[in-house]
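So you can see what is in the structure, the chains are spelled out below.
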Amino acid sequence: MKAANKFLVDLRVALVQLNPQIGRVHETTARARSLLNQYKAALDNKKDNRPPDLIVFPEFALTGYNFTSREHILPYTSKTEQSDSFKFAQDVAKQFHCYTVIGYPESETETKETLYNSAVVVSPTGEMVFNYRKSFLYFTEDNWGCKENPRQFQNFPLTFKKRATRIGDKSDERHDITLKTSIGICMDLSPYKFEAPFNDFEFSSYNVDNNIELIICPMAWLHSTSITKQDTDMDEKGSNEIPKKLATIAQNLQNQNLPLTGSEGDFQIDLDQANITTRLSKSSPDINHEYTELSKPDMTNVNYWMLRFLPFLHLNVRYYWWQEKVLTDVFSELKRKTYMGASSTKAWEFSGKNAVLLLANRCGVEDGNTLFAGSSGIYKFNGNEDFSGEELQKDDNSRLDSTNPSVELYGNLGKGKEGIIMRDITFEVER
Ligand code: GLN
């Protein structure tokens, strides 16, 4: 039998966090350019000033997110290659000679009958490589008749030139490497329509089942203190929570001398590889759930995102399920390969593998009531099983979050500042 070839991949990746406001595409684009120029200057000052291999922008990165109707969004929609967002991504890709991913509102045709919430991948020479349409939609998308991706979750190959070495090869020869890549746009990470069982973990299971190595997530994810449709619905039933929540948002911003649409242009540029995020468990008393300390990540959401990637996290209980054959019936009915990361052939399907997660979220406030969580971050799931010697526990819920040792936190931007975070990541793939 031919021994598997293992390659060590090293990539330099950058995430851009923006606060776009509807109707201000030109201002946002100009600010993004100036942010990228500041980043370029900071990069040029580094000893290793190699440009990034990949830059990721948020969902609806330049247009703003909270569109209230079809009429409202139509002027911002275009076919992919005619879209201003695509053209901007082409400029960025060519400037840095790297892949660039950006979220934008797409119309399938010139006549604009069918609209999607999409993210396009542009090659270092400015070609369109892949266009992904959001599969799971959020309430806001209902306002303007967004269509679901008819193909649902998808993956595609992304080739990085000379970014890999063969493990065990003494020559240090560098190889091109093609990574199995997927895109998830924000709500794609949540249970379908918030109605599917939480434990289905649709998106992360898709990624485990398909051996995805690079997961790219452009997001417009809300902060937990934001007003949401659930609040509006409750308010109509007389809950009267909204005025209280609005007052808290306004007060928090006022305490930081920020207007409601503020936190623009005060950039945070983090190229410090050593600046890793401190793990904080979801039950830690040190977690700040409020919208304060805007240059620090919102660990409430970081923990929640990790939870949504549970199939990638080490969990003792899977070995118990395996030993006790707890899931035999589940697997006989399951239409996909894994359930909560366990498969019929392995206690933990992802064991021994690596995957990288790039989560580029927007920040800021829209309409004075919708607050986004920022905290864009770079993560590696290391598939490490060294912890399985631990006594089998039926309940290890305490580390279904950023404290799980099988996820490495390379760093996060703050919850409320525009900025760029860049990290060098190394991980193994098998070919
Ligand atoms: N689940 C996400 C949230 O609550 C969805 C937002 C989105 O799709 N933009 O923020």
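Residues numbered from 1 in each chain as written. Predicted model: local features only at pLDDT ≥ 70, side-chain atom pairs only at ≥ 80, totals over all residues. Heavy atoms only, no water.

The protein carries the name Amidase in an unreviewed UniProt entry, which gives Maudiozyma humilis as its organism.

Moving on: the site of the ligand. Taken together, Glu59, Tyr65, Lys134, Tyr138, Cys186, Met187, Ser190, Phe194, Ala220, Trp221 and Leu222 make up the full set of residues adjacent to the ligand. Contact between the ligand and Glu59: a nitrogen atom at 3.1 Å from a side-chain N or O atom of the residue. At 3.0 Å, a side-chain N or O of Tyr65 approaches a nitrogen atom of the ligand. Here the ligand loses 94% of its free accessible area of 300 Å² to cover by the protein chains. Of the residues contributing to the shell around the ligand, the split by class is eight nonpolar, one polar and two charged. (Near = heavy atom within 4 Å. Polar contact = N/O pair within 3.5 Å; in protein donor to acceptor, adjacent residues only side chain to side chain. Areas by Shrake-Rupley, 256 points an atom, 1.4 Å probe, with all protein chains shown as cover. Nonpolar A, V, L, I, M, F, W, Y, C, P; charged D, E, K, R; others polar.)

Next up on the list: the packing of aromatic side chains. Summed over the entire model, instances satisfying the criterion amount to 26 aromatic pairs. Look at Phe139 and Phe194: their rings are 5.7 Å apart centre to centre, the planes differ by 45°, and that puts the pair in the tilted class. Taken as a pair, Phe139 in helix α4 (residues 139–142) and Phe194 in the loop between β7 (174–183) and α5 (202–209) lie far apart in primary sequence, 55 residues in all. On the basis of relative accessible area, Phe194 is assigned to the partly exposed category, the value being 37%. On the numbers, 5.9 Å between centres and 90° between planes, the contact of Trp221 with Trp305 is edge-to-face. Of this pair, Trp221 sits in the loop between β8 (214–219) and α6 (229–236) while Trp305 is found in helix α8 (residues 299–308), placing the two residues 84 residues apart along the sequence. (Phe/Tyr/Trp six-rings, centres within 6.5 Å; stacked < 30°, edge-to-face > 60°. Helix = DSSP H or I, 4+ residues; strand = E, 2+ residues; numbered from the N terminus. Buried < 20%, exposed > 50% of the residue type's maximum accessible area, 1.4 Å probe, protein only.)

Following both chains from N to C, one finds helix α1 (residues 25–44) and helix α3 (residues 84–96) inclined at 10°, their axes separated by 12 Å at the closest point. Classified by the angle their axes make, α1 and α3 are roughly parallel. Taking contact as the criterion, the partners of Thr29, Ala32, Arg33, Leu36, Asn37, Tyr39 and Lys40 in α1 are, on α3, Phe88, Asp91, Val92, Gln95 and Phe96. Residues belonging to the contact of α1 with α3 are distributed by class as follows: six nonpolar, three polar and three charged. (Axes fitted to C-alpha atoms, helices over the stretch in contact; angles between N-to-C directions. Parallel < 35°, antiparallel > 145°, perpendicular 65-115°, else oblique. Contact = heavy atoms within 4.5 Å.)

Moving on, we come to the state of the cysteines. As enumerated under the stated definition, the model contains zero disulfides in all. Free of any disulfide, Cys363 has its nearest neighbouring cysteine sulfur in Cys186, separated by 14 Å. Residue classification places Cys363 among the buried positions, given a relative accessible area of 0%. (Disulfide = S-S within 2.5 Å.)

Before going further, it helps to examine the environment of Arg50. Among the structural elements, Arg50 can be located in the loop between α1 and β2 (54–56). Put simply, Arg50 and Leu158 are 108 residues apart on the chain and 19 Å apart in space, counted from C-alpha to C-alpha. In this structure Arg50 touches Asp10, Leu11, Arg12, Leu43 and Arg163, once residues within four positions along its chain are discounted.

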